[in-house]
Each structure stands twice: as C-alpha cells, then as structure tokens.
Amino acid sequence: MQAQKPLYQLPLHKSRILIPKTISLVILSTLFFLAILVNISLLDLDKSTEGIIKFSAAGIIFLLIILGIFLNSNKVKHGVKFFSDHLEIGHRKIKYITIPELERKQNFLDKKFDTYTLQLGKKLKIDAIPISVDLHSYLQRLISYNKAQVTQGMSEY
C-alpha cells in the first residue's frame, strides 16, 4: 500500500518551541538537583559516596535535558501534516470529523515569537504556528468539507 501524500505540511516555529521548553527543563532540573543535594546533606555519608551520588544525579539530569531537547526538536521537525481526511501531529492521527471546535489563541510567549496556538477542542492543540499562516480558515474548510462528505455518504444509504 502506497503512503498518502499530505496536502499541506505546516512547519512549526522552531524557537517558539525549543527556547521555552529548554528553559523550563533547565530550571526544573536545577530544582531537582538542589533537592537531591539537600537530601544528601541530611544523610550521614562519607565523601566518596556523596561524590558518586552527586555525579550520578548530575549525569542523569543532563541526559534528561538532552532527551527533552531531542524530543522537542523532533516535534518541530515533523510539524503538522494535513491529509484529505485527517491531520497528523507527530505520529498522532486526528480525523477532521472528530474536531469539535477551533479556537485561535495567543498567549504571552506567542506574542513574543509572533506565533499563535490553534485549540482543537479541549485536549488537542497545534502550537507555534507562525502568525503569517492562516491555518484557522484552512482547517475550518477541511473540517466542513469532511463533515459534508460524511453527511452526503449517509444520505446515499
């Protein structure tokens, strides 16, 4: 079976995703490491054991930061792909007929990076959309077309 080609592929704004996520990862990792240091200081350990624990914790936290950056880079690289009957965010397929509503939002970070977020119902969203791209009306037309196709298909039976 041949793979279906997307009608449109939306590239996400790279810095809008990577900069805030990396900053929050570093801050949370620092707090986590400080909590580990406090716990180690409360234990009665010799210096070599304490050093091994600190070094191991720092290594694990560093690896987690690298993993977080890698995962967010993949999210940016894949972007959002639009097909005739569904869209894909990463590897997640969402049928147009299952999208209950579209709402365009812009928070503080979106304003700083000239992007916006498109809320697809309560749980799904597409963020880091460049402000120059009018995805709201494009997606609304795809949803309307697919719902009309389903309604037309039902009326034929």
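What counts as what
Residues numbered from 1 in each chain as written. Predicted model: local features only at pLDDT ≥ 70, side-chain atom pairs only at ≥ 80, totals over all residues. Heavy atoms only, no water. Helix = DSSP H or I, 4+ residues; strand = E, 2+ residues; numbered from the N terminus. Buried < 20%, exposed > 50% of the residue type's maximum accessible area, 1.4 Å probe, protein only. Contact = heavy atoms within 4.5 Å. Expected span 1.5 Å × (residues − 1). Polar contact = N/O pair within 3.5 Å; in protein donor to acceptor, adjacent residues only side chain to side chain. Axes fitted to C-alpha atoms, helices over the stretch in contact; angles between N-to-C directions. Parallel < 35°, antiparallel > 145°, perpendicular 65-115°, else oblique. Left-handed = near helix turned anticlockwise from the far one by under 90°. Nonpolar A, V, L, I, M, F, W, Y, C, P; charged D, E, K, R; others polar.

Caption draft 1: Representation of the overall build of the protein chain. Across its full length, the protein chain carries four helices and seven strands. In sequence order, the protein chain lays out its α and β elements as β-α-α-β-β-β-β-α-β-β-α. Counting only C-alpha atoms and orienting by the principal axes, one finds that the protein chain spans roughly 80 × 40 × 25 Å. Residue burial in the protein chain is summarised as follows: out of 157 residues, 31% are buried. Of the contacts made within the protein chain by residues no fewer than 6 positions apart, 56% connect residues no fewer than 24 positions apart.

Caption draft 2: Region of interest: helix H2 (residues 47-78). For H2, with 32 residues, the first-to-last C-alpha span of 47 Å sits near the 46 Å given by 1.5 Å per residue. Those residues of H2 that sit buried are Glu50, Ala57, Ile61, Ile65, Gly68, Asn72 and Val76. Buried positions along H2 lie against helix H1 (14-42). Directly beyond the C-terminal end of H2, a positive phi value near 60° is found at Gly79.

Caption draft 3: Region of interest: unusual backbone geometry. Phi is positive for Asp114, which is not a glycine, with a value near 55°. Relative to the helices and strands, Asp114 resides in the loop between helix H3 (108-113) and strand S6 (115-120).

Caption draft 4: Fine view of the side chain of Thr117. Residue position: Thr117 is located in strand S6. Relative accessible area serves as the criterion here: at 8%, Thr117 is assigned to the buried category. For Thr117, the side chain forms a polar contact with the side chain of Asp110, separated by 3.1 Å. What Thr117 contacts, discounting residues up to four positions off in sequence, is Glu103, Arg104, Lys105, Asp110, Lys125, Ile126 and Asp127.

Caption draft 5: Broad picture of H1. Its 29 residues place the ends of H1 42 Å apart at the C-alpha level, agreeing with the 42 Å of an ideal helix rising 1.5 Å per residue. Within H1, burial applies to Arg16, Ile17, Leu18, Pro20, Ser29, Ile36 and Ile40.

Caption draft 6: How the structure looks around the packing of H1 against H2. Contact geometry of H1 with H2 gives a least axis separation of 10 Å together with a crossing angle of 165°. Classified by the angle between their axes, H1 and H2 sit roughly antiparallel to one another. At the point where H1 passes H2, the crossing takes the right-handed sense. Its residues assigned to classes, the contact of H1 with H2 shows 16 nonpolar, five polar and five charged.

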